[in-house]
Amino acid sequence: MTFAATILTLYPEMFPGPLGLSLAGRALGEGKWVCDPVQIRDFATDRHRSVDDTPAGGGAGMVMRADVLARAVDHAVDRQPGVPVLAMTPRGRPLTQARVRDLAAGPGAIILCGRFEGIDERLFEARPIEPVSIGDYILSGGEMAALVLLDACIRLLPGVMGAASSGDEESFESGLLEYPHYTRPAEWEGRTIPEVLRSGDHAKIEAWRIAMAETDTRLRRPDLWERHEGARVQSPSGARQQKKER
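Everything numeric in this text was worked out from a predicted model, so none of it was measured.

1. Things to note about helix α2 (residues 66–79)
Here's step 1: Taking 1.5 Å of rise per residue, the 14 residues of α2 would be expected to cover 20 Å, and the 20 Å separating its terminal C-alpha atoms lies within 8% of that figure.
Here's step 2: Within the sequence span of α2, burial applies to Ala66, Val68, Leu69, Ala70, Ala72, Val73 and Ala76.
Here's step 3: Taken together, the buried residues of α2 touch β1 (3–9), β4 (63–64), β5 (85–94), β6 (108–113) and α4 (122–126).

Given below as structure tokens:
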């Protein structure tokens, strides 16, 4: 099955962009995924091809119009029925590795790239669109966010990474950050590779990697650590077990 990505954008020339290189570019050339950028202005009806207007209630900037975007979304859905429609916006739900895996396992996605001050909220009320954010910061538009989402999905498609297990122990796959990595030379600027990694003892290496993943997650991402710890004390019924008082 080919993963098909339709991108609704004011800047179709930005695609595939960096996704035309490296693993994603090779996969694109091999037909493992297809990229179809669609110009939103083609769905405007006035002679100026307007896609935005001033915000209701006043304020700075411009807002993308619901009527124009709805026509673009409907066009994409007619051509690619049954796939999720995502809108890249800082007001969306944070993108997670679990959601990326769900998307990569499907037939593709329609991705709407926001611009200006945002999108008329009525579009989300009228169409089944999932708002998605890639982080708590602001970009000039949703195109860069769409590239990030697509890169995360494409690398998980069958045959894209060299080994099927390449993504199994990466950050977020187990709810933890990934353990640190080392390679030759064994000594560099007075710093050596941890002895355990040179021991050849696979059980000790695995234990060290788990311990380092837990330590780094606890120190660098306490939010992930809290969720990971909560998941570890869930009972089979899903109810959280009470820790025994000592």
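2. Topic: helix α5 (residues 142–154)
Here's step 1: Between its first and last C-alpha atoms α5 spans 18 Å; for 13 residues at 1.5 Å apiece the expected length is 18 Å, and the two agree.
Here's step 2: With respect to burial, α5 is a largely interior element, ten of its 13 residues being buried.
Here's step 3: Among the residues of α5, Gly142, Glu143, Ala145, Ala146, Leu147, Leu149, Leu150, Ala152, Cys153 and Ile154 are the ones counted as buried.

3. So, the confidence of the model for the protein chain
When pLDDT drops low, the exact placement of atoms in the prediction is not to be read closely.
Here's step 1: On average, residues of the protein chain score 92 in pLDDT, and 91% of them reach the 70 mark or higher.
Here's step 2: In this model residues 239–246 is a low-confidence stretch, pLDDT under 50, and it forms nine contacts with partners more than four residues away in sequence or in other chains.

4. A word on the packing of aromatic side chains
Here's step 1: Overall, the coordinates contain one aromatic pair when judged by the stated rule.
Here's step 2: Pairing tyrosine 182 with tryptophan 208 gives two aromatic rings, centres 6.4 Å apart and planes at 55 degrees, and the pair type is tilted. Taken together, the residues tyrosine 182 in the loop between α5 and β8 (187–188) and tryptophan 208 in helix α6 (residues 202–220) connect sequence positions 26 residues apart.
Here's step 3: Judged by its relative accessible area of 17%, tryptophan 208 falls in the buried class.
Here's step 4: The ring of tryptophan 225 has arginine 218 sitting right over it, with the charged end atom 5.6 Å from the ring centre.

5. Regarding the pattern of salt bridges
Opposite charge on two side chains permits pairing when their charged atoms draw close.
Here's step 1: The tally for this structure, following the rule as stated, stands at twelve salt bridges.
Here's step 2: The partner of aspartate 67 in a salt bridge is arginine 65, with the nearest N and O atoms 2.6 Å apart.
Here's step 3: A residue is classified by how much of its surface remains accessible, and arginine 65, at 25% relative accessible area, is partly exposed.
Here's step 4: Arginine 127 is paired through a salt bridge with aspartate 74; the nearest N and O atoms lie 2.8 Å apart. In this pair, arginine 127 is assigned in the loop between α4 and β7 (130–133) and aspartate 74 in helix α2, connecting sequence segments 53 residues apart.
Here's step 5: Assessed through its relative accessible area of 26%, arginine 127 is described here as partly exposed.
Here's step 6: Take aspartate 74: its relative accessible area is 30%, and that puts it in the partly exposed class.

Cut-offs used in this document
Residues numbered from 1 in each chain as written. Predicted model: local features only at pLDDT ≥ 70, side-chain atom pairs only at ≥ 80, totals over all residues. Heavy atoms only, no water. Helix = DSSP H or I, 4+ residues; strand = E, 2+ residues; numbered from the N terminus. Expected span 1.5 Å × (residues − 1). Buried < 20%, exposed > 50% of the residue type's maximum accessible area, 1.4 Å probe, protein only. Contact = heavy atoms within 4.5 Å. pLDDT = per-residue confidence, 0-100. Phe/Tyr/Trp six-rings, centres within 6.5 Å; stacked < 30°, edge-to-face > 60°. Lys NZ or Arg CZ within 6 Å of the ring centre and 35° of its normal. Salt bridge = Lys/Arg side-chain N within 4 Å of Asp/Glu carboxyl O.

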